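Okay, here's what each chain looks like letter by letter:
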Amino acid sequence: MVLQTRLMSVPRVITVHTRSGARVHHKPNALLACRILRSGQCRSLSNINVKDKLSARYLFREAAIIDGKDFPSTMHFQVYDPATEAQIGVCPDLTPRQVDEAITAAHTAFQSFRRTTSFERAKLLREWRNLVMESQEDLATMITLENGKPIAEAKGEVAYAASFMDWFAGEAPRAYGDVIATSVAGNRAMTIKQPVGVCGIITPWNFPAAMITRKVAAAIAAGCTVVIKPDAETPFTAIALAKLAKIAGIPDGVVNVVTTKSFLKEVGEKFCTDERIKKLSFTGSTNVGKLLMAQSSSTLKKLSFELGGNAPFIVFPDVPVVDAVTAAVTSKFRGSGQTCVCANRIFVHESIYDEFCELLAERVSGFKIGNGLEDGINQGPLIHARAVDKVEGHVEDAIKHGGKVLAGGKRATEFGPHFYHPTVIKDAKPRMKIMKEETFGPVAAVFKFSTEAEVVALANDADVGLASYLMTNDINRAFRVAEQLEFGMVGVNTGIVSDCATPFGGVKFSGFGREGSKYGIEEYLNIKSITFGGIGAPY
Ligand SMILES: NC(=O)c1ccc[n+]([C@@H]2O[C@H](COP(=O)([O-])OP(=O)(O)OC[C@H]3O[C@@H](n4cnc5c(N)ncnc54)[C@H](O)[C@@H]3O)[C@@H](O)[C@H]2O)c1
Ligand SMILES: O=CCCC(=O)O
């Protein structure tokens with residue numbers, strides 16, 4: 001019976017592709033199907049009917065979107081729910097040649113879209129935003145299915161994603177230029193800002209909607225067109241967003257979504273080396289960021305990179321411990337610890353260390369783990385088996401180096417293979433892996449410190465510099481420490497720094513460029529200076 005159920009999950013036609021792009025189609029017989037299941041190519045025990053879970057069934061599309069149309073393909077990859085391992089659907093596995101069609105569509109659309117007024121683009125963005133919020137439940141359901149985060153968090157992500165549309169609708173008409181006094185008496189100069197052109201957008205799985213809209217809303221506000229490549233773990237939210245963009249009246253070719261898995265490297269290279277793509281905005285790991293930067297050198301593209309973090313969370317003794325724990329929990333366990341701004345190293349002053357650790361462990365032990373679609377769940381699965389292995393490795397390493405597990409510390413296999421119990425580790429030491437590497441999982445490692453100078457040095461002892469946090473009620477210390485922290489963002493007395501209105505981005509190996517805020521649109525604009533001569537002396 002189990003085998004029969006498993007066999008039903010094997011696609012009716014299987015397309016196997018070679019690296020050279022040649023395709024072979026199979027109608028699997030039982031033997032081949034068994035081999036596929038054994039090889040792990042098809043691991044689901046059942047399929048989820050996503051459309052039945054949505055009120056707008058058309059939002060779930062198993063197609064790329066190029067030039068406003070569904071782009072079919074004969075090659076596909078499967079997408080799975082990390083909570084149940086059931087198959088959610090299949091997505092086109094596009095080759096660089098097919099991706100070329102998306103770039104052509106974006107390039108053609110740019111010729112007219114660049115000429116729209118900023119007011120027209122703002123109107124389109126607001127329309128898109130309204131549709132996204134009307135579809136909040138459906139989009140959140142898709143996010144939870146693809147990514148695993150609890151449904152309440154997924155709804156929050158949709159609202160966060162929509163906030164960038166609203167924000168950049170406001171920023172579009174405010175892309176002001178300057179009037180400049182020149183050194184030559186007869187001259188006058190001014191600047192105007194123009195859209196850079198077609199933008200390549202590469203995004204990770206941890207925020208299937210918000211990492212896209214933070215880039216795309218800014219690009220559209222500026223008058224650019226985009227080709228989005230979402231992560232192969234979470235493509236359906238991106239496709240639904242593009243469908244809503246079309247319904248909002250955003251012209252065909254302005255928002256394209258390409259999906260790929262087997263041709264990831266080649267498609268990445270295509271994004272970097274195609275001269276029609278003038279800007280690449282990437283959110284993901286530092287290693288991939290370095291590769292994309294190297295690959296882009298031949299085309300000298302404008303680049304924005306939001307890369308990995310390893311956030312310190314510093315607790316000084318002048319704040320109530322309960323407030324510090326609440327902020328630490330908010331920062332650490334968002335998305336089961338899988339956000340780039342999650343606290344990774346919690347530094348607590350020795351005078352309140354034991355109390356903090358105990359209260360943190362008590363809070364974390366009360367978390368409700370499970371399938372994010374169920375009521376009341378606040379910790380879902382991790383994205384895949386590799387993520388669980390990494391978390392397990394960090395916990396084992398911490399124990400080996402003297403760390404004491406106060407909560408969790410083990411896989412939560414009773415919920416499924418991708419679950420890990422939210423964990424608190426006391427007596428964390430700088431020699432542990434967790435000090436140097438982002439865990440990207442639900443592990444709170446708590447370090448003890450004695451002096452301000454010591455903790456600032458410890459916090460800055462990282463090759464990345466994205467978010468950082470400090471808790472203190474001493475205003476002088478807040479300024480002093482915030483200014484010394486080598487990070488792009490500092491949260492003082494809060495565990496959340498993300499907001500459409502504030503600049504988001506890092507320093508060091510966390511990348512460069514800023515998203516959101518009044519600076520976000522600048523990443524998609526070129527400044528042109530226009531000098532008028534022969535005007536005469538100024539009055
Ligand atoms: N700074 C931020 O805003 C931010 C946000 C989310 C995640 N992150 C970072 O991302 C990392 C985890 O995410 P991840 O595992 O998905 O990262 P990743 O770098 O593996 O993947 C990110 C995206 O890049 C794509 N990609 C991978 N290899 C590629 C290649 N050779 N060419 C082109 N595209 C390629 C992936 O398909 C995905 O779409 C963490 O380090 C995290 O801190 C940073
Ligand atoms: O994971 C990175 C982005 C998280 C955020 O925007 O708050």
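Being a predicted model, the structure only gives us computed values, none of them experimental.

Right, let's get into the site of ligand 1. If you check the shell around ligand 1, you find 27 residues, and the closest are T203, T283, S285, L307 and E438. Contacts to ligand 1 include E306, whose backbone N or O atom sits 3.3 Å from a nitrogen atom. Contacts to ligand 1 include L307, whose backbone N or O atom sits 2.7 Å from a nitrogen atom. Its free accessible area being 840 Å², ligand 1 has 88% of it covered by the protein chains. Every element with two or more residues in the shell around ligand 1 is listed here: α9 (264-273), β12 (277-283) and α10 (286-295). Looking at the shell around ligand 1, the element that brings in the most residues is α10, giving three residues. Looking at the shell around ligand 1, its residues break down into 14 nonpolar, eight polar and five charged.

This part covers the pattern of salt bridges. Side-chain pairs of opposite charge can arise whenever the charged atoms involved come near each other. In total, this model carries 25 salt bridges according to the counting rule given. Across the salt bridge formed by K193 and E522, the nearest N and O atoms sit 3.0 Å from each other. Here K193 is found in strand β8 (residues 188-195), whereas its partner E522 is found in the loop between β23 (511-512) and β24 (525-532), with 329 residues between them in sequence. Between E452 and R480 there is a salt bridge; the shortest N-O distance is 2.7 Å. Taken together, the residues E452 in helix α15 (residues 452-460) and R480 in helix α16 (residues 475-484) connect sequence positions 28 residues apart.

The next thing to look at is the sheet that holds β8. Spatially, β7-β8-β24 is the arrangement adopted by the three strands of the open sheet, whose pairing is antiparallel. Both edges of this open sheet fall to β7 (179-180) and β24, since each of them pairs with a single strand only. Relative to β24, β8 is paired through eight bridges, and the arrangement is antiparallel. Bridging across to β24, T191 finds its partner in S529.

Let us now look at the site of ligand 2. As a structural note, the neighbourhood of ligand 2 is formed by Y160, N206, F207, M211, R214, R334, T339, C340, V341, S498 and F504. Protein burial of ligand 2: of its 240 Å² of free accessible surface, 99% is covered by the chains. Its residues assigned to classes, the shell around ligand 2 shows six nonpolar, three polar and two charged. Here the shell around ligand 2 spans two domains, and each of domain 1 (87-307 + 513-528) and domain 2 (311-503) adds at least three residues to it.

Before going further, it helps to examine α10. What α10 keeps buried is the set T286, G289, L292 and Q295. Elements that come into contact with the buried residues of α10 comprise β9 (198-202), α9, β12, β13 (302-306) and β19 (464-465).

Take the domain arrangement of the protein next. Domain annotation for the protein reports domain 1 (87-307 + 513-528) and domain 2 (311-503). For domain 1 and domain 2, the distance between their C-alpha centroids amounts to 30 Å. Between domain 1 and domain 2, the residue contacts involve 26 residues of the former and 24 residues of the latter. Of the roughly 1900 Å² buried where domain 1 meets domain 2, counting both sides, 65% is carbon and sulfur surface. Counting across the domain 1 and domain 2 interface gives four residue pairs in polar contact (both at pLDDT 80 or more). Sorting the residues of the side of domain 1 that touches domain 2 by element identifies α5 (136-147) and α6 (151-171) as the ones contributing at least two each. Broken down by element, the residue count for the side of domain 1 that touches domain 2 peaks at six residues, all from α6. Classifying every residue of the side of domain 1 that touches domain 2 by side-chain character gives ten nonpolar, nine polar and seven charged.

This next bit is on the pairing of strand β20 (residues 467-471). Across the five residues that make up β20, a large majority, five, are buried. Side-chain alternation along β20 places A467, Y469 and M471 on one buried face and S468 and L470 on a second face that is also buried. As paired strands, β20 and strand β21 (residues 489-492) are joined by four bridges and run parallel to one another. Within β21, the residue paired with Y469 across the bridge is G491. Viewed along the sheet, the connection from β20 through α16 into β21 turns out right-handed.

This part takes up unusual backbone geometry. Positive phi, close to 45°, is recorded for L300, a residue that is not glycine. Here L300 is to be found in the loop between α10 and β13. Despite not being glycine, S517 has its phi angle at roughly 65°, a positive value. In this structure, S517 sits in the loop between β23 and β24.

Its 16 residues place the ends of helix α13 (residues 385-400) 22 Å apart at the C-alpha level, agreeing with the 22 Å of an ideal helix rising 1.5 Å per residue. Just beyond α13, the residue with positive phi is G402, at close to 100°.

Within a beta sheet, neighbouring strands are joined by backbone hydrogen bonds and run either parallel or antiparallel to one another. Taken in spatial order, the seven strands line up as β16-β17-β18-β15-β14-β20-β21 in an open sheet, and their pairing is mixed. Each edge of the open sheet carries a strand with a single partner, namely β16 (404-407) and β21. Geometrically, the sheet is characterised by an average inter-axis angle of 25° between neighbouring strands, direction not taken into account. Taken together, the five bridges between strand β15 (residues 343-349) and strand β18 (residues 443-449) define a ladder with parallel strand orientation. Bridge pairing links R345 to A445 in β18. Along the sheet, helix α12 (residues 353-365) makes contact with β14 (311-315), β15, β16, β17 (423-426) and β18, crossing β17 at roughly 165°. Across the sheet, α16 lies against β14, β20 and β21, angled at about 160° from β20, the strand it touches most.

Following the sequence through the fold, K279 ends up in strand β12. A relative accessible area of 0% means that K279 is categorised as buried. A distance of 2.3 Å separates polar atoms of two side chains, one belonging to K279 and the other to S304. In this structure, K279 is in contact with V196, V198, C199, G200, K301, K302, L303, S304, E523 and Y524, ignoring residues within four places of it in sequence.

Criteria and cut-off values
- Residues numbered from 1 in each chain as written.
- Chains lettered and ligands numbered in written order.
- Predicted model: local features only at pLDDT ≥ 70, side-chain atom pairs only at ≥ 80, totals over all residues.
- Heavy atoms only, no water.
- Near = heavy atom within 4 Å.
- Polar contact = N/O pair within 3.5 Å; in protein donor to acceptor, adjacent residues only side chain to side chain.
- Areas by Shrake-Rupley, 256 points an atom, 1.4 Å probe, with all protein chains shown as cover.
- Helix = DSSP H or I, 4+ residues; strand = E, 2+ residues; numbered from the N terminus.
- Nonpolar A, V, L, I, M, F, W, Y, C, P; charged D, E, K, R; others polar.
- Salt bridge = Lys/Arg side-chain N within 4 Å of Asp/Glu carboxyl O.
- Pairing = 2+ DSSP bridges.
- Domains from an automatic or database assignment.
- Buried < 20%, exposed > 50% of the residue type's maximum accessible area, 1.4 Å probe, protein only.
- Contact = heavy atoms within 4.5 Å.
- Buried area = accessible area lost by both parts, 1.4 Å probe.
- Right-handed = clockwise from strand over helix to strand, strands pointing away.
- Expected span 1.5 Å × (residues − 1).
- Axes fitted to C-alpha atoms, helices over the stretch in contact; angles between N-to-C directions.

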